[in-house]
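Letter by letter, the chains look like this.
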Amino acid sequence: MAGGFDPIAEYKARTGKSAEWFARAREHLPGGVTGNVKFYPPYPVFAKRASGAHLWDLDGNDYIDYMLCFGPLILGHGHPRVVEAVRKQLERDGTTIFGPPHELETVMAERLNRIFPCAERVRFTNSGLEATLHALRVCRGFKRKNRIAKFEGHYHGCYDEALVSLTPSEETAGPYAAPQPVACSLGTSEYTLQSVQVLPFNDAEDTVRLLRAHKDDLAAVIMEPVQRGFIESNPEFLKAVRETTEELDIILVFDEVMSAFRMDRLGGAQTMYGITPDVMCLGKIVGGGFPAGAFLGREDIMDVVNPATRPKDNRVFHGGTFNGHPSVLAAGMATIDVLEEPDTYPRLAAKTSRLRNGLNDMFRRQGFEALAVGPGSTFNVVFARECARSYRDCMHFDANLRKEFDYGLLARGIHLHPDKPLYTCTELTDDDIDTTLSVAEEVLTKMRAAR
Ligand SMILES: Cc1ncc(COP(=O)(O)O)c(C=O)c1O
């Protein structure tokens, strides 16, 4: 770290118990964690409890939480309406889960079909990963074609085809106009690489050209309408993707696991952009803080899973023991109840803007080429002159400055995951925002002084 300012040492000095538990955890869990994304060096904060916008670690440090479990906790930790809904559901049901269908599945499906323009039929899953995996299989089954297209740098969960070209190096990725499929996990087969067409995000001309060239074997195009929660689609680009997929009869899938409830209004990125895909995927917030996901879309496409009308040799298999779990749906319903109240989105937008604008003013004042960017209640901090328009631009952000900033914040009671976007919640107070801004000011001042 730059001369005299060592935020990692500061972080270590106040997180001794996390270090102890990390040492114990790594004896049993590879890397001490139960998902690669949860690790950051030297070891992550180990959580003890949380409430509203705050989280406490094992050492008793109080953090303002902007990780919020990578996004789902839009109402903060343990929101009373969510907790109460789950408690009541468990009491009313007399069980944790039934097995046969129950009313809440239909009630939630009716609600989601009302909220999202593309949705006519719904199937529930237990995660965002499962939602995109099943959605893509549905597309392949419906179109009877085996290849799918995805955009470089877009994340759809951690399974084989979704990981293709997630984080390729510049050397392996090929020219941006014709990106190469790159395996981003060991264990990816050659067949998987061949079954994925990689596309350049926010590059309409080359995307359209590649779609035309591969139209005969593509079942679907899947995309994050807002890449990693902070890089927006250029509206002209998105329009071109929609028009071309429609013309070529390729299914357009919006992965709205991240964006569905985190734009500035209800209805997801498809409502914000006024572009309706054929199929969409949900996760995170739809489970109100419990494991959940769903894929939704046009009736004719979704019907390919229909066991009531289709013989088993002419349908797509979709299953899952815990799909549509009643307590999970109750938590999701309670969350959407709060989100549907007229002042929720405007209030959340006002809080997030104050924080984002405060950071941007500060970066300018302190002379850093840095930006807090992203729509709705998610944003990323990038140390660069301009926001990225694609994954390739992100490769040129200043990772060292971001690292100093992140650990400086972590060591002063601001919880985030290093190098990941930040999420806000309805329970964030004006005092929390003031505290965050003054901590950021202190960290940037130290970073500047140490240069
Ligand atoms: C856009 C997007 N799709 C899919 C997923 C996978 O969701 P899950 O982690 O619930 O499997 C994520 C997770 O971060 C995501 O951001």
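Residues numbered from 1 in each chain as written. Predicted model: local features only at pLDDT ≥ 70, side-chain atom pairs only at ≥ 80, totals over all residues. Heavy atoms only, no water.

A word on the overall build of the chain
Line of reasoning, step 1. Helix and strand counts for the chain come out as 17 helices and 16 strands.
Line of reasoning, step 2. For 451 residues, the compact-globule estimate of 2.2 N^0.38 gives 22 Å, and the chain sits close to it at 22 Å.
Line of reasoning, step 3. Dimensions of the chain, computed from C-alpha atoms along their principal axes, come out at roughly 70 × 60 × 45 Å.
Line of reasoning, step 4. Sequence-distant contacts in the chain: of pairs separated by 6 or more residues, those separated by 24 or more amount to 71%.
Line of reasoning, step 5. Carbon and sulfur atoms make up 51% of the accessible area of the chain, which totals about 19300 Å².
Line of reasoning, step 6. Distance between charge centres in the chain, computed from 52 positive and 61 negative side chains, equals 2 Å. (Helix = DSSP H or I, 4+ residues; strand = E, 2+ residues; numbered from the N terminus. Rg over C-alpha atoms; globule rule 2.2 N^0.38 Å. Contact = heavy atoms within 4.5 Å. Areas by Shrake-Rupley, 256 points an atom, 1.4 Å probe, with all protein chains shown as cover. Lys, Arg positive; Asp, Glu negative; His and termini not counted. Charge placed at Lys NZ, Arg CZ, Asp CG, Glu CD.)

Regarding the packing of aromatic side chains
Line of reasoning, step 1. On inspection of all chains with the given rule, the structure shows 14 aromatic pairs.
Line of reasoning, step 2. Ring geometry for Tyr 11 against Tyr 407: centres 5.9 Å apart, planes inclined by 85 degrees, an arrangement best described as edge-to-face. Of the two residues, Tyr 11 sits in helix 1 (residues 7-13) while Tyr 407 sits in helix 16 (residues 399-410), which places them 396 residues apart along the sequence.
Line of reasoning, step 3. A relative accessible area of 0% means that Tyr 11 is categorised as buried.
Line of reasoning, step 4. Consider the rings of Phe 363 and Phe 405, whose centres lie 5.9 Å apart with planes at 65 degrees: the pair is edge-to-face. Taken together, the positions of Phe 363 in helix 14 (residues 344-366) and Phe 405 in helix 16 put the pair 42 residues apart, joining distant regions of the chain.
Line of reasoning, step 5. We classify Phe 363 as buried; its relative accessible area is 0%.
Line of reasoning, step 6. An aromatic cluster of at least three residues, connected via ring pairs, comprises Tyr 11, Phe 22, Phe 39, Tyr 40, Tyr 43 and Tyr 407.
Line of reasoning, step 7. Note that Arg 49 overlies the ring of Trp 56, its terminal NZ or CZ placed 4.1 Å from the centroid. (Phe/Tyr/Trp six-rings, centres within 6.5 Å; stacked < 30°, edge-to-face > 60°. Buried < 20%, exposed > 50% of the residue type's maximum accessible area, 1.4 Å probe, protein only. Lys NZ or Arg CZ within 6 Å of the ring centre and 35° of its normal.)

Some words on the site of the ligand
Line of reasoning, step 1. Contacts to the ligand come from Ser 127, Gly 128, Leu 129, Tyr 155, His 156, Gly 157, Glu 224, Arg 228, Asp 255, Val 257, Met 258 and Lys 284.
Line of reasoning, step 2. Between a nitrogen atom of the ligand and a side-chain N or O atom of Asp 255, the distance comes to 2.6 Å.
Line of reasoning, step 3. Lys 284 is positioned such that a nitrogen or oxygen atom in its side chain is 2.9 Å from an oxygen atom of the ligand.
Line of reasoning, step 4. Tallied by class, the residues present in the shell around the ligand amount to four nonpolar, four polar and four charged. (Near = heavy atom within 4 Å. Polar contact = N/O pair within 3.5 Å; in protein donor to acceptor, adjacent residues only side chain to side chain. Nonpolar A, V, L, I, M, F, W, Y, C, P; charged D, E, K, R; others polar.)

Observations concerning the sheet that holds strand 14 (residues 378-382)
Line of reasoning, step 1. Spatial strand order, 13-14-16: three strands in an open sheet with antiparallel pairing. Edge positions in the sheet fall to strand 13 (371-373) and strand 16 (422-423), since each of these pairs with one other strand and no more.
Line of reasoning, step 2. Pairing between strand 14 and strand 16: two bridges, direction antiparallel. Bridged to Thr 378 within strand 16 is Tyr 423. (Pairing = 2+ DSSP bridges.)

Focus on the domain arrangement of the chain
Line of reasoning, step 1. According to the domain assignment, the chain contains domain 1 (7-78 + 343-449) and domain 2 (80-340).
Line of reasoning, step 2. For domain 1 and domain 2, the distance between their C-alpha centroids amounts to 27 Å.
Line of reasoning, step 3. Contact residues are listed per partner, giving 31 residues for domain 1 and 38 residues for domain 2.
Line of reasoning, step 4. Summed over both sides, the interface of domain 1 with domain 2 buries roughly 2800 Å², with 60% coming from carbon and sulfur.
Line of reasoning, step 5. Of all residues in domain 1, Tyr 345, Tyr 391 and Arg 392 bury the most surface against domain 2, accounting for 29% of the area lost on that side.
Line of reasoning, step 6. Salt-bridge contacts for Glu 152 lead to Arg 392; the nearest nitrogen and oxygen are separated by 2.6 Å.
Line of reasoning, step 7. Applying the counting rule to domain 1 against domain 2 returns 13 residue pairs in polar contact (both at pLDDT 80 or more).
Line of reasoning, step 8. For the side of domain 1 that touches domain 2, the secondary structure elements donating two or more residues are helix 14, strand 14 and helix 15 (391-394).
Line of reasoning, step 9. Of the residues in the side of domain 1 that touches domain 2, the class split is 18 nonpolar, 11 polar and two charged. (Domains from an automatic or database assignment. Buried area = accessible area lost by both parts, 1.4 Å probe. Salt bridge = Lys/Arg side-chain N within 4 Å of Asp/Glu carboxyl O.)

Concerning the pattern of salt bridges
Line of reasoning, step 1. A complete count under the given rule lists 31 salt bridges for this structure.
Line of reasoning, step 2. A salt bridge links Arg 354 to Asp 430, with the shortest nitrogen-to-oxygen separation between them at 3.7 Å. Here Arg 354 is found in helix 14, whereas its partner Asp 430 is found in helix 17 (residues 430-449), with 76 residues between them in sequence.
Line of reasoning, step 3. Overall, Arg 354 belongs to the partly exposed group, its relative accessible area being 32%.

Examining the nonpolar core
Line of reasoning, step 1. Counting residues in hydrophobic clusters, the biggest one holds 47 residues, and the most contacted among them are Leu 359, Phe 363, Phe 383, Phe 405 and Met 447.
Line of reasoning, step 2. If you list the elements that add at least two residues to this core, you get helix 1, helix 2 (16-25), strand 3 (62-65), helix 14, strand 14, helix 16, strand 16 and helix 17.
Line of reasoning, step 3. The leading source of residues in this core is helix 17, at seven residues.
Line of reasoning, step 4. Filtering out sequence-adjacent residues up to four positions away, Met 447 remains in contact with Phe 5, Phe 368, Phe 383, Leu 401, Glu 404 and Phe 405. (Core = buried A, V, L, I, M, F, W, Y, C linked by side-chain atoms within 4.5 Å.)

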